[in-house]
Each structure stands twice: as structure tokens, then as C-alpha cells.
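Examining the three-dimensional arrangement
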Amino acid sequence: MKFLVYGGVVLLIIPFQVVVVHRFAIEGIVPDAVLVTVCLVGLWRGEFEAVVLGLVLGFLQDLLSGATVYLNLMTKPLIGLAIGIVGRTPLSLIRWMIPILITGISFVSGLIILFLLQASSSEMDVVQALLSIVLPQALYDGVLGAIVLLATFRLFPTLHRRVWNP
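Worth saying up front: this structure is predicted, and the values here are computed from it rather than measured. (Residues numbered from 1 in each chain as written. Predicted model: local features only at pLDDT ≥ 70, side-chain atom pairs only at ≥ 80, totals over all residues. Heavy atoms only, no water.)

1. Quick look at the overall build of the protein
The cut-off we apply is this: The way it works is that DSSP assigns letters per residue, a run of H or I at least four long becomes a helix, a run of E at least two long becomes a strand, and they are numbered from the N terminus. Whether a residue is buried, partly exposed or exposed follows from its accessible area with a 1.4 Å probe, protein chains only, as a fraction of its type maximum: under 20%, in between, or over 50%, in that order. Residues are treated as being in contact if the distance between any of their heavy atoms lies within 4.5 Å. Note on areas: Shrake-Rupley with a 1.4 Å probe; residue coverage comes only from the protein chains shown.
Regarding its fold elements, the protein presents 7 helices and 0 strands. Counting only residues that meet the buried cut, the protein has 40% of its 166 residues in that class. Nonlocal contacts in the protein, meaning residues at least 24 apart in sequence, comprise 65% of its contacts between residues at least 6 apart. Only carbon and sulfur atoms are counted for the fraction: they give 74% of the accessible area of the protein, which is about 9700 Å².

Following this line, the structure appears as C-alpha cells:
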């Protein structure tokens, strides 16, 4: 059953990112639905499932985006691992902390990608990119994470009780 659910996630999240989420771009900044998905899977299901999902979705995101190859393939599994480990701590049981965790993870991921891109292009203004791309992207991902979290708990109230009242 898990295989079918994750297969559905893989088949739906990339088109959702391209078709739906891109319509909500602000000043060229688009929230990363794949990052939010990997974060939530890491929090709720653990690091192993988040790493595997991060590998598959990161690979597909790199393959279909035409961007620099392997950036998402490297960062998404690391995100799954980090958030999966954090998900085992009592800190993750505080509801309002999840969007903050997603924002922080997105910021660190953006920094890693920024420095990898800067290493290949010395003409890039790192401070400008940090303030105009990485920080707004992280904040937008945190907002998307909060929206998805609220929508998930409204659609599946039993999940809400199971996650917050073990």
C-alpha cells in the first residue's frame, strides 16, 4: 500500500509543481512543493522514507527542470534525512514549529545551492542572490508548508489526532 501512495506522490507532485504552484510565483520566486513534501514525509514517516522520496523527486526535478543537474538530487535526500531526524525530537511535536523548520531547511538548502552555483560562476553576486532569491524562497516555502499542513489536518482529522496526540 505504501508503494502505491508514494508512487502517486511521485506521479502527481512534479506536475503539481509545474502546473499549479508556478501560477503563484511572486517576483519570479516559486515555492518548492517537492521540498515541502519531502519535509512533511520526513516529519511524519521518518528519515528513510524521506531520503528515498527525496532521491526520486530530486532526480525527477533535475531531469525535468532543465536546471543545473544534480543540485536537487543532492539536496532533497539530505533535506529528508535532516528533517526525519528532527522529526524524532519533541520539538517537532509543536505544530507551529513545522513551518519554521521548513523555512530553515529551505534556507539552508538555498545556501548550499547558491554556493555550489557560485563556485561554477564567479560573476554571481552572492549577497544579492541571498537577499533576493534564497531568503524569499525560504519564507515562501514555509508559508506553503503551513498551508499544506493546515489543509492536510482539515482533510484528515484522524491524522491530526494521531500526530499530535500519540
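2. Quick look at the confidence of the model for the protein
Selection rule: Summary of the metric used: pLDDT quantifies the predictor's per-residue confidence within the range 0 to 100.
Averaged over the protein, the pLDDT score is 84; the fraction of residues at 70 or greater is 90%. Taken element by element, the protein is modelled with least confidence in helix α7 (residues 157-164), mean pLDDT 58, and with most confidence in helix α4 (residues 71-86), mean pLDDT 90.

3. Quick word on helix α6 (residues 126-155)
Selection rule: What a helix is expected to span follows from its residue count: subtract one and scale by 1.5 Å. What we call the bend at a residue is the angle made by axes fitted to the seven residues finishing there and the seven residues starting there.
In a regular helix each residue adds 1.5 Å, so 30 residues correspond to 44 Å; α6 covers 41 Å between its end C-alpha atoms and thus fits that length. The axis of α6 is deflected most strongly, by about 25°, at V134, and proline P136 appears within four residues downstream. Those residues of α6 not exposed but buried are A129, V134, Q137, A138, Y140, D141, G142, L144, G145, L149, T152 and F153.

4. Considerations on helix α1 (residues 2-20)
The α-helix advances 3.6 residues per turn, and as a result positions three or four apart in sequence lie on the same side. Under the 1.5 Å per step criterion, the end-to-end length of α1 is 25 Å for 19 residues, consistent within 8% with the ideal 27 Å. Along its length, α1 reaches its greatest deviation from straightness, about 25°, at L12, and the proline P15 lies no more than four positions downstream. If you check which residues of α1 are buried, you get Y6, V10, I13, I14 and Q17. Its buried side turned inward, α1 meets α2 (33-45) and α3 (47-65).

5. Some words on the side chain of D141
What counts is decided by this rule: Lys and Arg are tallied as positive, Asp and Glu as negative. Neither His nor the chain termini are counted. For this analysis, a salt bridge means a side-chain nitrogen from Lys or Arg found within 4 Å of a carboxyl oxygen belonging to Asp or Glu.
Looking at the element boundaries, D141 is found in helix α6. Summary of buried charges: D141 has no salt-bridge partner, and the nearest side chain of opposite charge, K76, is 7.4 Å away.

6. Thoughts on the nonpolar core
Note the following rule: Remark: nonpolar core denotes a set of buried residues (Ala, Val, Leu, Ile, Met, Phe, Trp, Tyr, Cys) joined through side-chain atoms within 4.5 Å.
Counting residues in each nonpolar core, the largest one holds 27 residues, and the members touching the most others are C39, L40, L57 and I102. Counting only elements with at least two residues in this core, the list comes to α1, α2, α3, α4, α5 (97-120) and α6. Tallying contributions element by element places α2 first for this core, with 9 residues.

7. Things to note about the packing of α4 against α5
What counts here: For every element, the axis is a line fit to its C-alpha atoms; helices are fit only across the contacting stretch, and the angle between N-to-C directions ranges from 0 to 180 degrees. For classification purposes, an angle smaller than 35 degrees is called roughly parallel, one larger than 145 roughly antiparallel, one from 65 to 115 roughly perpendicular, and anything else oblique. Note: crossing handedness is left-handed where the near helix turns anticlockwise from the far helix by less than a right angle, and right-handed where it turns clockwise. Gly is placed with the polar residues, together with every amino acid not listed as nonpolar (Ala, Val, Leu, Ile, Met, Phe, Trp, Tyr, Cys and Pro) or charged (Asp, Glu, Lys and Arg).
One way to put it is that α4 packs onto α5 with a least axis distance of 11 Å and a crossing angle of 150°. One way to sum up the angle between α4 and α5 is to call them roughly antiparallel. Crossing handedness for the pair α4 and α5: right-handed. Here L71, M74, T75, I79, A82, I83 and V86 of α4 lie close against α5, whose contacting residues are L101, I105, S109, I112, I113, L116 and L117. Its residues placed into classes, the contact of α4 with α5 shows 12 nonpolar, 2 polar and no charged.

8. Focus on a nonpolar patch on the surface
So the rule is basically this: A patch consists of residues exposed above 30% relative accessible area that lack any salt bridge, with like charges linked at up to 9 Å and nonpolar side chains (Val, Leu, Ile, Met, Phe, Trp, Tyr) linked at up to 5 Å.
Nonpolar side chains collect at one region of the surface, where F16, V18, V19, V20 and F24 lie side by side and expose about 440 Å² of accessible area between them. Relative to the helices and strands, F16 resides in helix α1. Since its relative accessible area comes to 37%, F16 is described here as partly exposed.

9. A word on the pattern of salt bridges
In this structure the tally under the stated criterion is 2 salt bridges. Residue D32 pairs with K76 through a salt bridge whose shortest N-O separation is 2.9 Å. Here D32, found in the loop between α1 and α2, pairs with K76, found in helix α4; they are 44 residues apart in sequence, far enough to count as distant. This pair shows no difference in class: D32 is buried, exactly as K76 is.

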